[in-house]
Amino acid sequence: MTHSLHRFGDEEDLKQDFVVMAMPSKGLNDVGSGPKIKRHLEICAKHHPVNLGGMKVGNACDYSFEEIISHSNDYVSTFNGVFTDRDTVRDTVKELKEANLGLSTVISGVYTETKSIADELGFVPHTVNFSLGIWGKKELLPEPEILEIVTLCGHGMISQHLVRFYMNKVAKGYDAHKAALELGHFCYCAIANIDRIETVLRKGISHPKEQKG
C-alpha cells in the first residue's frame, strides 16, 4: 500500500501521523476473514485512534468505533487505524503481532519512527516503500497548508477548494473539530488524520497564493 506515503508537512508534524493498515489477500485468506478483520479493528480501537475504518465499513467521521466494528465482514479491502504518537503505534502493533491474525499489515509514517518500532518489537519489515516527493510543475500546487490536508487522503478525495471553504468558515468562528470531521468524511479509506486537519484549519493559510484575474 502506497496511498498513505505522500502526506505533506514538516518532519516534526509527520512524526505525529501514523497509519496502521491491514488487508486480507484475495484468493489466499479472504474467505472467512470477517472475524480477523473485526479483531484487527477492535485492537486498533482499544488504543484510541483519531480515525478508524475502511472503504467498506465507513470511518470515524461518520460512525462510532462500535458501529465500524459491527460493519466488518469478509471484504478484500484495507482496514485502517490512524494514530498521533509513536508509543501508541508500538503498543497497537505489539498487540496485533501477538494476535497473529494472518493479515498483511503495514505501518506508515516517518521511516525512523516506524523502523525503531519494528526494531523494538523484534521483526524485520518485509517491504519498505518511500515517497520521492512531488515532481513536475510544483508552482501549480495549492498552498502548503492546503497540501497538508488534501494529502491526508491518499486517493485525493478531499478537494482543495473545500479545504479553503472550511478554512474561511473556521476563521469566522466555525468549530474546527466539526470542520475536520466534515472534511475527513470524504476520505473513504479512513486514513485522514482528523487531529492534523483540525490543527491546520486553525492555522489557516499564512501565505495565500496571489489572486489572478
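One numbering rule holds for all chains: residues counted from 1, following each sequence as written. Local features in a predicted model are, by the rule used here, given only for residues with pLDDT of at least 70; side-chain atom pairs are given and counted only at 80 or more, and totals for whole chains, interfaces and linings are based on all residues. Computation of side-chain values covers all heavy atoms of the structure but excludes hydrogens and water.

Visitor: Summarise the overall build of the protein chain; cite the residues concerned and give the values.
Guide: A count of helices and strands for the protein chain gives 9 helices and 5 strands. Note on conventions: DSSP H or I runs of at least 4 residues are helices, E runs of at least 2 residues are strands, and numbering of each starts at the N terminus. Counting from the amino terminus, the protein chain carries its helices and strands in the arrangement α-β-α-β-β-α-β-α-β-α-α-α-α-α. Values of the radius of gyration come from C-alpha atoms, whereas the globule rule sets the reference at 2.2 Å times the count of residues to the power 0.38. Here the C-alpha radius of gyration of the protein chain, 18 Å, is about what a compact globule of 213 residues would show, namely 17 Å. C-alpha atoms of the protein chain, sized along the principal axes, occupy 55 × 35 × 30 Å. In this scheme, a residue with accessible area under 20% of its type's maximum is buried, one over 50% is exposed, and one in between is partly exposed, where area comes from a 1.4 Å probe on protein chains only. Looking at the protein chain as a whole, 43% of its 213 residues are labelled buried.

Visitor: So what about the packing of helix α7 (residues 160-171) against helix α9 (residues 194-203)? Which residues, and what values?
Guide: Running from amino to carboxyl end, α7 crosses α9 at an angle of 65°, the nearest separation of the two axes being 8 Å. The element α7 and its partner α9 pack so that their crossing is right-handed. In this structure, α7 uses V163, Y166, M167 and V170 to contact α9, whose residues at the interface are V200, L201 and R202. Each residue is assigned to one of three groups, with Ala, Val, Leu, Ile, Met, Phe, Trp, Tyr, Cys and Pro labelled nonpolar, Asp, Glu, Lys and Arg labelled charged, and all others, Gly among them, labelled polar. Counted by class, the contact of α7 with α9 contains 6 nonpolar, no polar and 1 charged residues. Convention adopted: a line fitted to C-alpha atoms gives each axis, helices being fitted over their contacting stretch, and angles between N-to-C directions are expressed from 0 to 180 degrees. By definition, turning the near helix anticlockwise from the far helix through less than a right angle yields a left-handed crossing, and turning it clockwise yields a right-handed one. The contact criterion used is simple: two residues touch if any of their non-hydrogen atoms lie within 4.5 Å.

Visitor: How would you summarise a nonpolar patch on the surface if you had to cite specific residues and measurements?
Guide: Together, M55, M157 and Y188 line one region of the surface with nonpolar side chains, adding up to about 300 Å² of accessible area. Among the structural elements, M157 can be located in the loop between α6 (144-150) and α7. Patch definition: residues above 30% relative accessible area lacking any salt bridge, with like charges linked at up to 9 Å and the nonpolar side chains Val, Leu, Ile, Met, Phe, Trp and Tyr linked at up to 5 Å. Methods summary: accessible areas were calculated by the Shrake-Rupley approach with a probe of 1.4 Å, and residue burial reflects only the protein chains presented. By convention in these notes, a salt bridge is any Lys or Arg side-chain nitrogen within 4 Å of a carboxyl oxygen on Asp or Glu.

Visitor: Break down helix α4 (residues 86-99) for me, with residues and values.
Guide: Taking 1.5 Å per residue as the helical rise, α4 with its 14 residues ought to reach 20 Å, and the 20 Å between its terminal C-alpha atoms agrees with that figure. Taken as a whole, α4 has its buried residues at R86, T88, V89, T92, V93, E95 and L96. Looking at where α4 begins, the residue whose side-chain oxygen comes 3.3 Å from the main-chain nitrogen of D87 is D85. Looking one or two places after α4, you find N100, whose phi comes out positive at around 50°. Expected span of a helix, by definition, is 1.5 Å for each gap between consecutive residues, and there is one gap fewer than residues. Counted as a polar contact is a pair of N or O atoms within 3.5 Å, where, for protein atoms, one must be capable of donating a hydrogen and the other of accepting one, and residues adjacent in sequence contribute only when both atoms are in side chains.

Visitor: Describe the packing of α4 against helix α5 (residues 111-121), listing the residues and the values that go with them.
Guide: Relative to each other, α4 and α5 sit at 45°, their axes nearing to 10 Å. By the angle class used here, α4 and α5 are oblique. Seen from above, α4 lies across α5 with right-handed handedness. The residues of α5 that touch α4, namely those facing R86, V89, R90, V93, K94 and K97, are E113, S116, I117, E120 and L121. Its residues assigned to classes, the contact of α4 with α5 comprises 4 nonpolar, 1 polar and 6 charged. Here roughly perpendicular refers to angles of 65 to 115 degrees, roughly parallel to angles under 35, roughly antiparallel to angles over 145, and oblique to all remaining angles.

Visitor: Explain the pattern of salt bridges to me, using residue names and the numbers behind them.
Guide: Overall, the coordinates contain 18 salt bridges when judged by the stated rule. In this structure, D91 engages R90 in a salt bridge whose closest nitrogen and oxygen atoms are separated by 3.2 Å. According to the relative accessible area criterion, D91 is partly exposed, its value standing at 34%. The partly exposed category is assigned to R90, whose relative accessible area is 22%. Across the pair R90 and E120 runs a salt bridge, and its minimum N-O distance is 3.5 Å. Of this pair, R90 sits in helix α4 while E120 sits in helix α5; the two residues are 30 residues apart in sequence, bridging distant segments of the chain. Relative accessible area serves as the criterion here: at 48%, E120 is assigned to the partly exposed category.

Visitor: Give a detailed account of α9, specifying residues and quantitative values.
Guide: When α9 is considered as a whole, its buried residues turn out to be I194, R196, I197, E198, V200 and L201. Next to the buried residues of α9 lie α1 (11-14), β2 (51-54), α6, α7 and α8 (176-184). Capping the start of α9, N193 holds a side-chain oxygen 3.1 Å from the backbone nitrogen of D195, two or three residues further along.

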